[in-house]
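# An overview of the molecular structure
Okay, here's what each chain looks like letter by letter:
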Amino acid sequence: MNLIKKIFWYTINNLFKLIHKISLSHTYQKSKDQIRIQFRPGLRMLHKQINRELYNQKLNWNKYIYANNYMYQGWDKIFITGLRSTDSRIQEYKIEKYLNEKSTVLDIGCNTGFVSLALANKVKKIYAIDHNVHLINIGKIVSNYLGINNVDFIVGDVFNIKNNVRFDQIWSFASHDTNDKGINIGLPLFFDRLDQLLKDKGTIVFESHEHDIKNNKFIDEMKKITNNFKLKDFRFIKKYRFGSKRIKRYFYILEK
Ligand SMILES: C[S@@+](CC[C@H](N)C(=O)[O-])C[C@H]1O[C@@H](n2cnc3c(N)ncnc32)[C@H](O)[C@@H]1O
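Residues numbered from 1 in each chain as written. Predicted model: local features only at pLDDT ≥ 70, side-chain atom pairs only at ≥ 80, totals over all residues.

## Points about the overall build of the protein
- If you tally the helices and strands in the protein, you get eight helices and nine strands.
- Taken over the C-alpha trace, the protein has a radius of gyration of 20 Å; the compact-globule value for 256 residues is 18 Å, and the two agree within 12%.
- C-alpha extents for the protein along the principal axes are approximately 70 × 45 × 35 Å.
- Within the protein, buried positions represent 33% of all 256 residues.
- Sequence-distant contacts in the protein: of pairs separated by 6 or more residues, those separated by 24 or more amount to 64%. (Helix = DSSP H or I, 4+ residues; strand = E, 2+ residues; numbered from the N terminus. Rg over C-alpha atoms; globule rule 2.2 N^0.38 Å. Buried ≥ 20, exposed ≤ 12 C-beta atoms within 10 Å, placed from the backbone. Contact = placed C-beta atoms within 7 Å.)

Structure below.
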């Protein structure tokens, strides 16, 4: 009897693991999105353009490719599931009160720029920069589709931005130490760079990676870094990685 019980639970457990794995996969997300757009001709064309750019990325981008060459950022508005839902993130970030129609924002490592596009109507201008031309092209395609004209998409390295340009707000969402090694100078130097690009009284909105949680080195370094700024907000955020609601990250808002 015990053996039957064990086999039963073993099968159930593995079945759940399998379902979880499948639901995490980019293939599942892509198929789901393809089905959803079938009755939306405008979105069908948009998705075709996006998929063409993803194909170009697969052929030509020789650095690390996020989300298995599907979308890292999802956005329900355009029926893209992606790995991280832009809607849930914005809901959880609650940064609207730090934005106004006079602010200029720099979105560092913006990826496809969906966070910038979703918040564009709250600010004067957003400069969304990423070194991956294909992700930037997708951002431009979506921006055109939605008729948003105050987000400037820039293909470039965040370390090559001219030093005399400064912003009211800088967003660094999971971009301080990137898988593709495009940014990996360590936290203290990274924040020095943000500081150089920030106007007086400007704010930095910073989201950690999942793996920073309980990382003592990260926690120690952030303690020192936050001493150089005014800490306006500090929270744990969760709920927006496809397939898991439990994952936590640190979230900081710092004023110069
Ligand atoms: C983990 S993703 C985070 C994307 C986005 N900030 C978000 O949270 O949805 C890191 C991004 O940084 C970009 N990146 C890496 N190194 C860069 C660099 N030196 N300059 C600009 N972008 C960079 C990558 O192409 C990637 O899109």
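## Some thoughts on helix α4 (residues 86–93)
- Regarding α4, the residues found buried are Thr86, Arg89 and Tyr93. All buried residues of α4 lie within an arc of 60 degrees about the axis, which places them on one face of the element.
- Those residues of α4 that are buried lie in contact with β1 (73–74), β2 (84–85), α5 (114–119) and β9 (249–255).
- Lys94, located one to two residues past α4, shows a positive phi value of around 50 degrees. (Arc of directions from axis to C-beta.)

## Focus on the site of the ligand
- Around the ligand, a shell composed of 21 residues is seen, among which Gly109, Asn111, Val158, Phe173 and Gly182 lie nearest.
- Tallied by class, residues from the shell around the ligand come to nine nonpolar, eight polar and four charged. (Near = placed C-beta within 6 Å. Nonpolar A, V, L, I, M, F, W, Y, C, P; charged D, E, K, R; others polar.)

## Things to note about the packing of helix α3 (residues 41–60) against helix α6 (residues 133–146)
- α6 packs onto α3 with a crossing angle of 170 degrees between their chain directions and a minimal axis gap of 9 Å. In terms of orientation, α3 and α6 fall into the roughly antiparallel class. Here Leu46, Gln49, Ile50, Glu53, Asn56 and Gln57 of α3 lie close against α6, whose contacting residues are His134, Asn137, Ile138, Ile141 and Tyr145.
- When grouped by side-chain class, the residues that make up the contact of α3 with α6 number five nonpolar, five polar and one charged. (Axes fitted to C-alpha atoms, helices over the stretch in contact; angles between N-to-C directions. Parallel < 35°, antiparallel > 145°, perpendicular 65-115°, else oblique.)

## Here's the deal with unusual backbone geometry
- One non-glycine residue, Asn69, lies in positive phi territory at about 65 degrees.
- With respect to the helices and strands, Asn69 occurs in the loop between α3 and β1.
- At Ala174, a residue that is not glycine, the phi angle is positive and equals roughly 50 degrees.
- Inspection of the secondary structure puts Ala174 in the loop between β6 (167–173) and α7 (187–197).
- Residue Ala174 is classed as partly exposed on the basis of its C-beta count, with 18 C-beta atoms lying within 10 Å.

## With respect to the pairing of β9
- In terms of burial, β9 is a largely internal element, five of the seven residues being buried.
- Note that strand β7 (residues 198–207) and β9 share five bridges and pair antiparallel. Within β9, the residue paired with Val205 across the bridge is Ile253.
- Here seven bridges tie strand β8 (residues 230–237) to β9, and the two strands are oriented antiparallel to one another. (Pairing = 2+ DSSP bridges.)

## Overview of the packing of α7 against helix α8 (residues 216–227)
- The contact between α7 and α8 brings their axes to 10 Å, and the two run at 30 degrees. Here α8 runs roughly parallel to α7, going by the angle between their axes. By crossing handedness, the relation of α7 to α8 is classed as right-handed. Between α7, through Leu187, Pro188 and Phe191, and α8, the contact on the second element is made entirely by Glu221, Met222 and Ile225.
- Residue classes in the contact of α7 with α8 are distributed as five nonpolar, no polar and one charged. (Left-handed = near helix turned anticlockwise from the far one by under 90°.)

## Quick look at α6
- With 14 residues, α6 extends 20 Å from end C-alpha to end C-alpha; this agrees with the ideal 20 Å at 1.5 Å per step.
- Taken residue by residue, α6 has His134, Leu135, Ile136, Asn137, Ile138, Gly139, Val142 and Ser143 as its buried positions.
- Along its buried surface, α6 packs onto α3, α5, β4 (125–130) and β5 (151–155).
- Note on α6: the residue one or two positions beyond its end, Gly147, has a positive phi of about 70 degrees. (Expected span 1.5 Å × (residues − 1).)

## Some remarks on the environment of Ser103
- Tracing the backbone through its elements, the reader meets Ser103 in the loop between α4 and β3 (104–108).
- Residues Ser103 and Gln169 lie 66 residues apart in sequence; the distance between their C-alpha atoms is 7.2 Å.
- The contacts of Ser103, once residues within four sequence positions are left out, are Val123, Lys124, Asp168 and Gln169.

## Notes on the sheet that holds β6
- The strand order β5-β4-β3-β6-β7-β9-β8 describes an open sheet built from seven strands, whose pairing is mixed. At either margin of the open sheet sits one strand with a lone partner, and together these are β5 and β8. The average angle at which neighbouring strand axes cross in this sheet is 15 degrees, direction not considered.
- Sitting on the sheet, α6 touches β4 and β5, and the angle it makes with β5 is about 160 degrees.

Fair warning: the whole summary comes from geometry, so function is off the table for now.
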